[in-house]
Amino acid sequence: MTELPGRVSPGLQPWFPDNWLTAGTLAAITCVGAILRLYGLEVQSLWNDELSSWLRSSYPSWAAVMHQGAYPDTHPPLMYLILHGTIGILGDSPWALRLPAAIFGILAIPAVYRLASLPFGAGAGLVAAMLMALSRDPIYWSQEARSYSLLHLAVTIEAIGVYRALTFMAKGRRLDWQTVLVFSTGAGIACYAHYLGCVFTVMTLVGLAVPSFFIFRRPGAWLALVLAIALLYSPWIGEFLFDLRTDAQWYPPPFSGKVVWEFVQRTFGNAWPFAVVGLLAVILALIPRRATLNPEDSHSSAERWFTAYLFVWMVAPFAAACTVAVVVKPVLHLRYLTFCIPAAYALAGGGLIRIPAPRMLRIGIAAFWGIALLCSLLLLDRYYATPVKEPTRELARWILDEENNRGGNCYLVEASSNEAYLNYCLRRLGSPRRADLYAENAEAIPKAIREIRERKPGYILFSTITRSAPGFDEFLQRCFEKVAVKSSLGVNLYTYKNDWLTSAPDDPLGLFRPAERQRGAAAVVPGANLLSTTHPERARQVFAGEVLRVDNREIYKTTVTLDRPSTETLALLRPFYFRDVAAIVDVTLKQAGHEIPICRDLVVDRCRLVRAETPLTSGTATLQLNFKNTTKPGKPASMEAVRFLIR
């Protein structure tokens, strides 16, 4: 590694290395980092968050992206606007959607070099750039169609502005326009890229207030930076305050002490040897240098304050998130702390060049560290061959293969964060197939029953992406036979054989029609429909019921006389109570003194769907319902007619 022979005034310091060896080394490191980020952009499928970025960026106009994409979301609009322009030029393939993040990740490499070289020298800058180029986490976020790599770049630029501001204040000089421009540009991009950028900017301004007011006595410089940020962010401040009040839809797992070590490991290469070396290097960076080429400048107040700033940047957000996770609620997720990576690498670079060893040995240690990172990425982690994202694209392939194997007679139900995600993957595979039903919960069951009766599919395909549809998945499991399952990384495809709900008329049980409530003193109003698959016109009232009251429970018995053996038995039980809603505790079906096993028993919208495990023979069958009376003791309850279907 090479070091610059001296320092100049921050207002005149070159933005790029003026030493050809340093410049060549930085260019080589940046090229390697670019290859690692651009290679394999389409290897993994887009997952939930990336598909959200696509959906919110794919509206027809910039205004629509703002009003229909950004405003309803809990993220700032900058990345959505960038992706909207990318989609208009390159399309919406996974490669095109991830390309902006890769470019920002590449630009972050020389930016981190600059960040580390300011306080520690060019050698430290090259080490920091190497860590940024070869570490797994920065590469991962550079291949994600989200704003994290843009956040890396923005906070690094903002921190460079902080160093320039500290240097000017330490020298008792006014800030020049370049310093204000650098700081405000980085802070503005960070705040509009992600709300984590707002956290970082607030933290930075609070940290700068101490040296500005009490050490260097330059409050005007601090106020100038605050004013610049306030003007830039004023158009979005109202939306920011609104999103701040919005509660999250999900939370990470509860806090555990293991997350501390996991944070260090992920920061320095996703392996414990790198974590140990990185921590030792950070500790060395915090020790003041005793001898340098330019001792007077190296011990300047600006450098000491900036080193402390880097350390606080690395540690404080994590400590604050851990505290909130323990005291308030589990909000700690390591991806939220990814903006700490540039500070960690700058400190690690500064610590490595301070190792008390010959210069060539330090260069050898840095080179070995870089080679080890690359080998770990490619050989141990198998980064490009081991998928870690939800394989939504593979789910679409499973669906098409399953439909082909089942003869195309399938009904497709999707359960995901948004109904457009699976359709996007099907379209990208060139298939006209789309999901027939989007199911979030049990409210989708009525539509599913109606459409399955109308279309009469042989199979039902139920796809889930990191979530299920509460109630709906239970409906499928209880009412249909599961014949195949495919699963991978939170993505599942279940295939159910449709052996019912196909041959009966549309909703013959009146399952989802408005109920005619019976009002009167009678405890139960019995009634039934008997429908035959082959002769539906023979539907008629066939039985009456009796009510027995035992303590605080009601037992309802009904008897059905069959004139032929049945192939299937399905009962709908829909109780309604005047004063309260009572629950059906259990259901018993008997014939010829023997109890018939119940293989399907599902509660849907206060209705009970019951299906017998074996066919019924000719003769008398008895259906008994046990109710839990939730009304006051001695007060009668009323129930709508029980509808009983036998096929």
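Residues numbered from 1 in each chain as written. Predicted model: local features only at pLDDT ≥ 70, side-chain atom pairs only at ≥ 80, totals over all residues. Heavy atoms only, no water.

Within the structure shown, the criterion is met by 19 aromatic pairs. Aromatic rings pair up to connect Tyr163, Phe200, Phe306, Tyr309, Trp313 and Phe339 into one cluster. Above the plane of the ring of Tyr140 lies Lys389, whose end atom (NZ or CZ) is 5.1 Å from the centre. Positioned over the ring face of Tyr459 is Arg406, at 4.7 Å from the centre of the ring. (Phe/Tyr/Trp six-rings, centres within 6.5 Å; stacked < 30°, edge-to-face > 60°. Lys NZ or Arg CZ within 6 Å of the ring centre and 35° of its normal.)

A few words now on the pattern of salt bridges. Summed over the entire model, instances satisfying the criterion amount to 16 salt bridges. For Arg164, the salt bridge is made with Asp176, and the minimal N-O distance between the two is 3.3 Å. One end of the pair, Arg164, is in helix H8 (residues 148–170); the other, Asp176, is in the loop between H8 and helix H9 (177–193), and 12 residues separate them in sequence. Per residue, the accessibility class of Arg164 equals that of Asp176, and both read buried. In this structure, Asp436 engages Arg455 in a salt bridge whose closest nitrogen and oxygen atoms are separated by 2.8 Å. With a gap of 19 residues between them, Asp436 in the loop between helix H20 (420–428) and strand E2 (437–438) and Arg455 in helix H21 (residues 445–455) connect regions that are remote in the sequence. In this structure Arg455 comes out as partly exposed when scored by relative accessible area, which is 45%. Three or more residues are tied together by salt bridges with common partners; here these are Glu403, Arg433, Asp436, Glu451 and Arg455. (Salt bridge = Lys/Arg side-chain N within 4 Å of Asp/Glu carboxyl O. Helix = DSSP H or I, 4+ residues; strand = E, 2+ residues; numbered from the N terminus. Buried < 20%, exposed > 50% of the residue type's maximum accessible area, 1.4 Å probe, protein only.)

Let's shift gears to the nonpolar core. Counting 121 residues, the largest nonpolar core has Phe268, Leu310, Trp313 and Tyr345 as its most contacted members. The biggest single contributor to this core is H8, with 14 residues. Setting aside residues no more than four positions away along its own chain, Leu310 makes contact with Leu115, Phe120, Ala343, Ala346 and Leu347. Residues Ile452, Ala469, Phe475 and Cys479 belong to the second largest nonpolar core, which totals 20 residues. (Core = buried A, V, L, I, M, F, W, Y, C linked by side-chain atoms within 4.5 Å. Contact = heavy atoms within 4.5 Å.)

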